[in-house]
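Here's the letter readout for the chains.
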Amino acid sequence: MTQDSGMLKHTLRRLLGLLPTLLMLITVTFFMMRMAPGGPFDSEKLLPAEIEANLNAKYHLDEPLLRQYFRYMGQIAVLDFGPSFQYKDWSVNELIAQSYPVSLTVGGLAMLLAFVLGTTLGIAAALRQNTRVDYSLMGIAMLGISVPNFVIAPILILLLAVYAGWLPAGGWDWGIASMVLPVVTLALPVTAYIARLTRGSMIEVLHSNFIRTARAKGLPESVVIRRHALKPAILPVISFMGPATAGLISGSVVIERIFSLPGLGSYFVTGALNRDYTLVMGVVIFYGVLIILLNFLVDLIYAWLNPKIRYDEKY
Amino acid sequence: MKPTRQFFVLAVCVPLLSACGSDDGERLPGSLDRHARAVELVVAEDGRPVPWVLAVEQVLHRDNGEEPVTLDPHLAEGTPSAHILRDLFEGLTSESPTGRVIPGAAIRWNISRDGKTYTFYLRREARWSNGDPVTAEDFVYGLRRSASPSTASNFAQVLLPIANAAEVLAGKVPTDQLGVTAINDHILQIQLKGPTPYFLRLLNHSSTYPVHRPSLVKYGSAFSRPGNLVSNGAYILKDWVLRSRIELVKNENYWDAENVIIKQVFYYPFEDQSAASKQFRAGELHWTYGVPNNQFKWLQRHYPDELVISPWAGSYFFGYNVTREPFIENQDLRLALALALDRDLLTEKVTQFGEQPSYALVPPGIGEFVSPQPEWADWTQAERNDEARRLYAEAGYSEDKPLRFEIRYDTGQNNNKKMALAAASLWKQVLGVQATLVNEEGKVFLRNREQMVLTQVFRSGWTSDYADPFGFLELFRTGHGRNYYGYSNALYDSLLDEIASERIPARRRRLMFEAERILLGGLPFIPVYTYVTKRLVSPRLKGWESNIMDHHYSKNMFLLKSVHEGEASAAAVERDEERPAEPEESVTEEVLPTATEEGQANEAPGEHAAATAAPAAEDGQASEDPGEAANSEEVPKSEPEDDGATAPAEAVPAEVEALPAEIVESPQVQSEAPGETGEVPEENDAAGGDSGSGEGFRE
């Protein structure tokens, strides 16, 4: 009971703690975007002064910066991110709503794949520490980390799509076939990283006293691993997964470009390059909230996995 | 770990595989190609491809470069929007596959003697996609909306030649003061500020498209969404999945629907050209927006029939800031640098796609205009280098005291960086110049270039808004918003004024020639090359022609069952013959009756006192007197007529019309016919290397 209410309090406190962070994020991004040289309507072509005035008036860019800031804060208070400068037919809310499911699906599946595969391989390597299996698995994992996915992706496309014709070379239609390549490509480096993390911490755990005790009690090795070693060994993976998941599900610019996915990631780049103020603000806030929430979630999972962490004691 | 290992092993095989993968290009959806019997291509009497050569599935997959910013024709900017809008809407004028202006929603028009009053006669059979008739009122409404300050159109400058447009845009007068009047349901009159010889070409720019008033009233700014959009072109917007695809289907209410063969068009936004070319190779696309910059040799070897390269109305050059040291008042030094650039080397090694070395400002193939060439254009590079060294030494520079300056450029999916690097090393090699490269993010670059405080030598270029040399020449006018060279020459400016008010084409061309000659003497820029468009196109896709503005209407295209070179291009040729011919006929038929009608109509409203009696009389003349007709006639061939000088461009279409139906042309014919000049304002910088902002940066 006390632990439950402590947990609840902790949760609420952390959620409230979100607000100043977010406010800071929004403010800094807002003014940084405005300070960047060039504006949303600059282009190679000449914009007659009258037209520029009309555009500025339409998007309230003719107002003093502070008033624009407060106008914007007023808008996001009601979760309205405003119209996009670049994609004129759409509001930023619509852009995010349309592209986010794609990023979430690809990133979520990739994370799932990476987690399952990575921990399995990591544990396998740890159990056969310093054998040929271990070395080759870790060698490959090192490669997976160091070969960037903009190298892996085109190779997979060439082999499986262009030459073999088994999978589409890109595009997105919510079919499984169109998901395979992006998910696999996105998952590979993370898988490798997770495998290394798991192996490291597993080896450490396997050498610790409580495992020795468990073994001394005569428990079968499989029970020792599953019941006693797994939980603590996976802790570092969990803390890695918080930000990593946020990164994956907020869309990867590289993967989106190579596979022509309509995800969220490209908006960071095109938004910033085009000085699409509202779009950049929208995705930054969205991403910010996502990261904060996921880190928060990781903390909760931590508490569940590790009895040493007691929130009611800490606060 | 297995996938990783697999990847590594396979990676080794890639070069081997790619060598044998060249036959993949023909695998396209809906085709029977590999196993199809040879199909004899026969063309029916009307010049249409006969049904049995056509693929069963007429579904076109086009790579459209980027996501269109909007499908609201009056807010549109950028080539991606423009391509789609050309399929969805139809302006008063349209273009033939070769880019010649042909009747669009207007079946014919008259131009008054002073070149300031245009009277358009709309097709009576034209319908909106919901069945409503397309009326002059729709155009009036569209043009007013486009010019209205509350629309905040980015591209309303296209309308500036129209009387009062600037005032309307500035909000000084209400939109109904715009010089556009519906005389009756099918006659539209447009008053211009001054004679604007390229005005007809502006009329197929999306800023001038009509919009369907009832749906705008009903849906407001959401009128351009699928399901809401009512359009008057050959296609209807069926679906728009953001950054994934845009689906158009044939508009059965289009006046020429029976001649529209492609039933469904998919436009895909590919931010990455190599992704697009992979999809093309996997058979998922018929048409790409471009090709990856560095793959020319490979593509040429493996996809010779698919790779299509043709001239495009744009120039790439380096600009000098002539208001800053070391280039102020230092014409000889500017010339020295211009001489020392080996353009053949640059186009061969850097741009690689057959870009043409350039020694002037205006790209070739724009109407009949031929640019003056500096005398050194004919020299060998060795001679140029000698002269460059002499001028360089004369300007007081030497090995011990080298010239130093910065070359500023922006990066994206283009060759700007390589180009700057190559130029710097050539200058160093030939003259010993110490040039520093400064790479800037797109918008920062644009800003710096405009402010002219930091720049010395910078990446520059221009693509035509409308294929008229004036659009290029204007850039160097004193105080022009894009004159980031700081060039100012009173004589040049006064020539520009003369050009603006001159309406006799030959005289106007002479003036433009003279102006460009002056400019090349002053040399505030270093010409480097003129652009090309480069793309992969399925050999089964026909009915289109390369043209200098790179405008391609899906309604003209069709997919063949299978590819057999000769037959295929014959079909294409036939189709080109058919297009321009048909409207001309109908024009002649209607001339007399409508001319009378217009005379009466003009009298009635009496709004434009000046435009009443006189033009009516003159119109009568115009249609009878072909001599006077050069500019003021109904047959919109006017400007881009043949002229021996611009030979390859002009020769083809004329011959094409004379060809008997069965003649089989070599495939080159179609690709070498940039033809007349299909001139519509090309909205942005996006398409080519010039682009600057908004692309790239990502990997």
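Predicted model, so just to flag it, every value in this text is computed and none were measured. (Residues numbered from 1 in each chain as written. Chains lettered and ligands numbered in written order. Predicted model: local features only at pLDDT ≥ 70, side-chain atom pairs only at ≥ 80, totals over all residues. Heavy atoms only, no water.)

Chemist: Quick one: what's the story with the overall build of chain B, residue by residue and with numbers?
Modeler: When its secondary structure is counted, chain B shows 21 helices and 18 strands. Among the 699 residues that make up chain B, the fraction classed as buried is 64%. In chain B, of all internal contacts separated by at least 6 residues, the share reaching a separation of at least 24 is 72%. (Helix = DSSP H or I, 4+ residues; strand = E, 2+ residues; numbered from the N terminus. Buried < 20%, exposed > 50% of the residue type's maximum accessible area, 1.4 Å probe, protein only. Contact = heavy atoms within 4.5 Å.)

Chemist: Residue-level account of the environment of Pro505 of chain B, with values.
Modeler: With respect to the element layout, Pro505 of chain B can be found in helix α16 (residues 505-522). The sequence separation of Pro505 of chain B and Asn321 of chain B amounts to 184 residues, and the corresponding C-alpha distance is 33 Å.

Chemist: Any chance you could break down the environment of Leu186 of chain A for me, citing the residues and the numbers?
Modeler: All names here are of chain A. Mapping Leu186 onto the fold places it in helix α7 (residues 176-206). On the basis of relative accessible area, Leu186 is assigned to the buried category, the value being 6%. Spatially, the C-alpha atom of Leu186 lies 8.8 Å from that of Ala153, the residues being 33 residues apart in sequence. Leu186 has contacts with Val106, Gly107, Ala110, Asn149, Leu248, Ser252 and Ile255, leaving out every residue within four places of it along the chain.

Chemist: Explain the packing of helix α15 (residues 490-501) of chain B against α16 of chain B to me, and be specific about the residues and the numbers.
Modeler: Helices that pack against each other are described as a pair by the angle of their axes relative to one another and the distance between those axes. Residue and element names in this part refer to chain B. For the pair α15 and α16, the least separation of the axes is 9 Å and the interaxial angle reads 160°. If you check the angle between α15 and α16, you find them roughly antiparallel. The hand of the α15/α16 crossing is left-handed. The segment α15 lies against α16, with Leu491, Tyr492, Leu495, Glu498 and Ile499 engaging Arg508, Leu511, Met512, Glu514, Ala515, Ile518 and Leu519. Across the contact of α15 with α16, the residue classes tally to nine nonpolar, no polar and three charged. (Axes fitted to C-alpha atoms, helices over the stretch in contact; angles between N-to-C directions. Parallel < 35°, antiparallel > 145°, perpendicular 65-115°, else oblique. Left-handed = near helix turned anticlockwise from the far one by under 90°. Nonpolar A, V, L, I, M, F, W, Y, C, P; charged D, E, K, R; others polar.)

Chemist: Can you break down the pairing of strand β5 (residues 117-122) of chain B residue by residue, with the values?
Modeler: Taken residue by residue, a regular strand's side chains alternate between the two faces of the sheet. Residues and elements named next belong to chain B. With six of its six residues buried, β5 lies for the most part within the structure. Here β5 shows a buried face lined by Thr117, Thr119 and Tyr121 and a second buried face lined by Tyr118, Phe120 and Leu122. The pairing of strand β4 (residues 106-111) with β5 spans five bridges and is antiparallel. Residue pairing for β5: Arg108 is matched across the bridge by Tyr121. Relative to strand β7 (residues 187-191), β5 runs antiparallel, the two sharing five bridges. The partner of Thr119 across the bridge, within β7, is Gln189. (Pairing = 2+ DSSP bridges.)

Chemist: Give a detailed account of the pairing of strand β1 (residues 59-63) of chain B, specifying residues and quantitative values.
Modeler: All names here are of chain B. Counting buried residues along β1, five of its five residues qualify, which places the element largely inside the surrounding structure. Of the two faces of β1, both are covered, the one formed by Val59, His61 and Asp63 as well as the one formed by Leu60 and Arg62. For β1 and strand β10 (residues 264-268), the ladder comprises five bridges, and the chain directions are parallel. When the bridges of β10 are listed, Asp63 appears paired with Tyr268.

Chemist: Let's hear about the interface of chain A and chain B: which residues, and what values?
Modeler: In this complex, chain A contributes 69 residues to the contact, which on the side of chain B involves 80 residues. Interface area for chain A against chain B, summed over the two sides, is near 6,300 Å², with a carbon-plus-sulfur share of 59%. Its largest share of buried area at the contact with chain B, chain A owes to Glu44, Lys45 and Arg257 of chain A, together 16% of the area lost on that side. Scanning the region where chain A abuts chain B turns up six salt bridges. Its salt-bridge partner being Asp272 of chain B, residue Arg257 of chain A comes within 3.5 Å of it at the nearest N-O pair. At the junction of chain A with chain B, the criterion picks out 25 residue pairs in polar contact (both at pLDDT 80 or more). Elements with a minimum of two residues in the side of chain A that touches chain B: α2 (49-58), α4 (92-127), α5 (132-146), α6 (149-163), α7, α10 (253-259) and α11 (265-273) of chain A. (Buried area = accessible area lost by both parts, 1.4 Å probe. Salt bridge = Lys/Arg side-chain N within 4 Å of Asp/Glu carboxyl O. Polar contact = N/O pair within 3.5 Å; in protein donor to acceptor, adjacent residues only side chain to side chain.)

Chemist: Break down the packing of aromatic side chains for me, citing the residues and quoting the values.
Modeler: What the rule picks out here adds up to 45 aromatic pairs over all chains. For the ring pair Tyr320 of chain B and Phe327 of chain B, a centre distance of 4.6 Å and an interplane angle of 45° mean the geometry is tilted. Overall, Tyr320 of chain B belongs to the buried group, its relative accessible area being 0%. What makes Phe327 of chain B buried here is its relative accessible area of 0%. When the ring of Tyr529 of chain B is compared with that of Tyr531 of chain B, the centres are 5.8 Å apart and the planes differ by 85°; the resulting orientation is edge-to-face. Both residues of the pair, Tyr529 of chain B and Tyr531 of chain B, count as buried. An aromatic cluster is present here, built from Trp312, Tyr316, Phe318, Tyr320, Phe327, Phe405, Trp427, Tyr529 and Tyr531 of chain B joined pairwise through their rings. The aromatic ring of Tyr267 of chain A is capped on one face by Arg243 of chain B, whose charged end is 4.5 Å from the ring centroid. Over the face of the ring belonging to Tyr484 of chain B we find Arg449 of chain B, whose NZ or CZ atom lies 4.0 Å from the ring centre. (Phe/Tyr/Trp six-rings, centres within 6.5 Å; stacked < 30°, edge-to-face > 60°. Lys NZ or Arg CZ within 6 Å of the ring centre and 35° of its normal.)

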